[in-house]
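One-letter residues, chain by chain:
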2 protein chains.
Amino acid sequence: MRLSDFPHIRELHLFKSMREDNFATLSQAAYLQTFPEQVQLITEGDRADFLFVVIEGCVELFATANGREATLAMVHPIGTFILAAVLKDAVNLMSARTTKKSRVLMIPAQDIRTAFETDEGFARALVVELADCYRSTIKEHKNLKLRTAVERLANRLLKYHADQGAHGRISLPHDKRTLAALLGMTPENLSRAFATLRQFGVHVDGATIELTDIKGLTGLAKPTPLIDDRTT
Amino acid sequence: MRLSDFPHIRELHLFKSMREDNFATLSQAAYLQTFPEQVQLITEGDRADFLFVVIEGCVELFATANGREATLAMVHPIGTFILAAVLKDAVNLMSARTTKKSRVLMIPAQDIRTAFETDEGFARALVVELADCYRSTIKEHKNLKLRTAVERLANRLLKYHADQGAHGRISLPHDKRTLAALLGMTPENLSRAFATLRQFGVHVDGATIELTDIKGLTGLAKPTPLIDDRTT
DNA sequence: CGCGAGCTTGAGCCCCATCAACGGGAGTGG
DNA sequence: CCACTCCCGTTGATGGGGCTCAAGCTCGCG
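Each chain has its residues counted from 1, running along the sequence as written. To label them, take the chains in the order written and letter them from A, then take the ligands in the order written and number them from 1. Local features in this predicted model are restricted to residues of pLDDT 70 or higher, and side-chain atom pairs are both shown and tallied only at a pLDDT of 80 or more, whereas totals for entire chains, interfaces and linings draw on every residue. Side-chain numbers come from the whole structure's heavy atoms, not from hydrogens or water.

Caption draft 1: Layout of the protein's contact with DNA strand D. Summary of the distance rule: residues count as near a molecule or strand when at least one heavy atom falls within 4 Å of that molecule or strand. Near DNA strand D, the surroundings consist of 14 residues, among which K176, S191 and R192 of chain A together with A149 and N189 of chain B are the closest. Backbone atoms, meaning sugar plus phosphate, form 62% of the atoms of DNA strand D positioned within 4 Å of the protein. Here a polar contact is recorded for every N or O atom pair within 3.5 Å, except that within protein the pair must consist of a potential hydrogen donor and a potential acceptor, and residues adjacent in sequence are included only if both atoms are side-chain atoms. E188 of chain B places a polar side-chain atom, nitrogen or oxygen, 3.1 Å from a base nitrogen of DNA strand D. One of the side-chain nitrogen or oxygen atoms of R192 of chain B is found 3.1 Å away from a base oxygen of DNA strand D.

Caption draft 2: Broad picture of helix α7 (residues 149-163) of chain A. All names here are of chain A. Helix and strand assignments come from DSSP, with helices taken as H or I runs of at least 4 residues and strands as E runs of at least 2, each series counted from the N terminus. Given the number of residues in a helix, its expected span is that number minus one, multiplied by 1.5 Å. Look at α7: 21 Å from first C-alpha to last across 15 residues, which is about the 21 Å you get at 1.5 Å a residue. The cut-offs for exposure are 20% and 50% of the maximum accessible area for each residue type, with area from a 1.4 Å probe on protein chains only; residues under the lower value are buried, those over the upper are exposed, and the others partly exposed. Among the residues of α7, E151, R152, L153, A154, N155, R156, L157, L158, Y160 and H161 are the ones counted as buried. Remark: G165 follows α7 within two positions and exhibits a positive phi of approximately 105°.

Caption draft 3: The arrangement of the relation of the copies chain B and chain A in detail. Copies are brought into register by a least-squares superposition over C-alpha atoms of residues with pLDDT of at least 70 in both. Superposition of chain B onto chain A requires a rotation of 180° combined with a translation of 0.0 Å along the rotation axis, giving an RMSD of 0.0 Å. Here the symmetry operator amounts to a two-fold rotation axis. We call two residues contacting when some pair of their heavy atoms lies within 4.5 Å. A share of 98% of interface residues in chain B that are also interface residues in chain A marks the association as one of identical surfaces.

Caption draft 4: How the structure looks around the sheet that holds strand β1 (residues 31-35) of chain A. Residues and elements named next belong to chain A. As summarised here, the arrangement of the four strands in space is β1-β8-β3-β6, forming an open sheet in which the pairing is antiparallel. Strands at the two margins of the open sheet, each flanked by one partner only, are β1 and β6 (79-81). Adjacent strand axes in the sheet meet at a mean angle of 30°, parallel and antiparallel pairs treated alike. Of the strand pairs in this sheet, strand β3 (residues 50-56) and β6 are connected by three bridges, and their pairing is antiparallel. For F52, the partnering residue across the bridge sits in β6 and is F81. Two strands pair under a simple rule: DSSP has to find at least two bridges between them. Lines fitted to C-alpha atoms define the axes here, with helix axes fitted over just the stretch in contact, and angles between the N-to-C directions of these axes take values from 0 to 180 degrees.

Caption draft 5: Representation of the interface of chain B and chain A. Taken together, the contact between chain B and chain A spans 54 residues of the former and 53 residues of the latter. The term buried area means the drop in 1.4 Å probe accessible area that two parts suffer when joined, counted for both and summed. Here chain B packs against chain A, burying approximately 4,800 Å² in sum over the two surfaces, 70% of which is carbon and sulfur. Salt bridge criterion: a side-chain nitrogen from Lys or Arg within 4 Å of a carboxyl oxygen from Asp or Glu. Linking chain B with chain A are six salt bridges. If you list the elements that add at least two residues to the side of chain B that touches chain A, you get β4 (59-65), β5 (68-75), α4 (83-88), α5 (109-118), α6 (120-146) and α8 (176-182) of chain B. Per element, the largest residue contribution to the side of chain B that touches chain A is 21 residues, and it comes from α6 of chain B. Among the residues making up the side of chain B that touches chain A, the classes are represented as 26 nonpolar, 11 polar and 17 charged. For this classification, the nonpolar set comprises Ala, Val, Leu, Ile, Met, Phe, Trp, Tyr, Cys and Pro, the charged set comprises Asp, Glu, Lys and Arg, and every other residue, Gly included, is treated as polar.

Caption draft 6: Spatial organisation of the protein's contact with DNA strand C. Residues in contact with DNA strand C amount to 14 residues; listed here are only the nearest, A149, N189 and R192 of chain A together with S191 and R192 of chain B. Protein-proximal atoms of DNA strand C, defined as those within 4 Å of the protein, fall in sugar or phosphate at a share of 65%. Here a phosphate oxygen of DNA strand C sits 3.3 Å away from a polar atom, N or O, in the side chain of T186 of chain A. R192 of chain A is positioned such that a nitrogen or oxygen atom in its side chain is 3.0 Å from a base oxygen of DNA strand C. Elements represented by at least two residues in the surface near DNA strand C include exactly α9 (187-197) of chain A together with α8 and α9 (187-197) of chain B. For the surface near DNA strand C, the per-class residue count stands at two nonpolar, five polar and seven charged.

Caption draft 7: Geometry of the packing of aromatic side chains. By convention, a stacked pair of Phe, Tyr or Trp rings (six-membered ring in the case of Trp) has centres within 6.5 Å and planes under 30 degrees apart, an edge-to-face pair has planes over 60 apart, and any other such pair is tilted. For the coordinates displayed, the defined rule picks out 10 aromatic pairs over all chains. Their ring planes at 80° and their centres at 5.9 Å tell us that Y31 of chain B and F50 of chain B sit as a pair that is edge-to-face. Taken together, the positions of Y31 of chain B in strand β1 (residues 31-35) and F50 of chain B in strand β3 (residues 50-56) put the pair 19 residues apart, joining distant regions of the chain. Members of the aromatic cluster, connected to one another through ring pairs, are Y31, F50, F52 and F81 of chain A. In our convention, an over-ring charge means Lys NZ or Arg CZ found within 6 Å of a ring centre and within 35 degrees of that ring's normal. Positioned above the aromatic ring of F116 of chain B is the side chain of R124 of chain A, whose terminal nitrogen or guanidinium carbon lies 5.6 Å from the ring centre.

Caption draft 8: Region of interest: the pattern of salt bridges. One pass over the full model with this rule turns up 28 salt bridges over all chains. Here E20 of chain A makes a salt bridge to R10 of chain A, at a shortest N to O gap of 2.9 Å. Residue E20 of chain A is found in helix α3 (residues 20-29), and its partner R10 of chain A is found in helix α1 (residues 6-11); the two are separated by 10 residues along the sequence. On the basis of relative accessible area, E20 of chain A is assigned to the exposed category, the value being 53%. Between R230 of chain B and D163 of chain B there is a salt bridge; the shortest N-O distance is 2.5 Å. Residue R230 of chain B is located in the segment after α11 (225-228), and its partner D163 of chain B is located in helix α7 (residues 149-163); the two are separated by 67 residues in the primary sequence. We classify R230 of chain B as exposed; its relative accessible area is 51%. Members of the salt-bridge network, linked through shared partners, are R47, D89 and R113 of chain A.

Caption draft 9: Molecular detail of the domain arrangement of chain A. All names here are of chain A. Looking at chain A, the domain boundaries give domain 1 (3-145) and domain 2 (147-228). Start and end points for every domain follow an automatic or database-based domain assignment. Between the C-alpha centres of domain 1 and domain 2 the distance comes to 28 Å. Listed per partner, the contact involves 13 residues of domain 1 and 10 residues of domain 2. Across the domain 1 to domain 2 interface the summed buried area is about 1,000 Å²; carbon plus sulfur atoms make up 54%. Where domain 1 touches domain 2, the interface holds zero salt bridges. Between domain 1 and domain 2 we count two residue pairs in polar contact (both at pLDDT 80 or more) in total. Put simply, the parts of the chain that give the side of domain 1 that touches domain 2 at least two residues each are β5 (68-75) and α6 (120-146).

Shown next, in the form of structure tokens:
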């Protein structure tokens, strides 16, 4: 892997407090690879052989059963996935595919586990990382159980709006069928949800959305830090 | 707290590898308390002041928003809850209430965090515990998104059946309105789901259920270790 | 015997999935 | 430059799963 990528990784909360020698070992064992879009990186049920770190691009985590498929999360740079499975030396509960051309760092699972056992700083960082992941999924669970599809969309738009500078205009980070899957609905229903939100100042033009009634939209969405805040 | 309760707690995976002195400190700071049923122990949004350990009875974790309520999990002995919030010194994402008379151990959050920072063995145990919690919620998420209400009930019955010795007869561990909430449906709908399952050999008599067609029920439920196994 | 809580059953409705058709933009090849 | 095709997104019609509201039922208990 290229040394030029080390600084970013090293600065990750997960690796920041790791001992230098352990990090060096990990670096040497890791693979940095570039994938085109729509490549499936892992399959649920398979043993977790690598910890993945998304350096560039975007990865979709999803699961399948009974002929149905559900998107569980999108991983953006710099983010990791299947950490829990790697630590437990267990099978993946989710599958993963790229949604765009992506650069991904793959760290052999055994090296992660060794570092966990020998590096106290790393073990502590893992606690924090896992706690964050855990709380994120709880929020997502609440989002799904306590809100309708239109409410989920409204909150998601407000989140994008805040992320992108709150200038009244946002651009969707995913195509609409992916966004629909992420929100737990069909593409058709997403269209209708957008139509419903028109009366709340949501105007769609392709991947660009204009928000002209933030107050009204917020009133509908009723965002709460207990679901929507990234880090609480 | 009573010394007689120590052995059970000490044997918990979470505390097993903790240093003796740290465990002693924790024990002295902890409160063992008994609550009647339907007592709310914590409220979402409040700061997490204690780590809770259910010694006896049962605790329901739930969340509220927009006038809706959703049950997220049931905690049975011996189980912990709001560990992640305690570690992060954050607010609770869930509320908790007893569903029956319960004995609960309450360990001050600050003591847990201190132990985390000073006790390497405890930190490692936390990683495993959090990874388990994390994977459990992912499974629950998949259960909800990938299955219909009837399928969720069928799988739940099969799980109880296995837990209780697979003798073709099970007794429901919760009353039906709680079970309905746990499965993400209304009590009315649970009734109808049971009626639907009659043709698959599910015969209801109060809290006792007789299963006369395990094979057929399994065919409908299509259980998978990637959702239903407690520890994979 | 009367009462209330928990459970069941029924009717109606809403949200959302499904199926089908259509429109438009991008890419391709003539 | 245009015709063709394919894919994405939209729109409409229909249906089903599940919720709501309301009534009836059963059983335990006073």
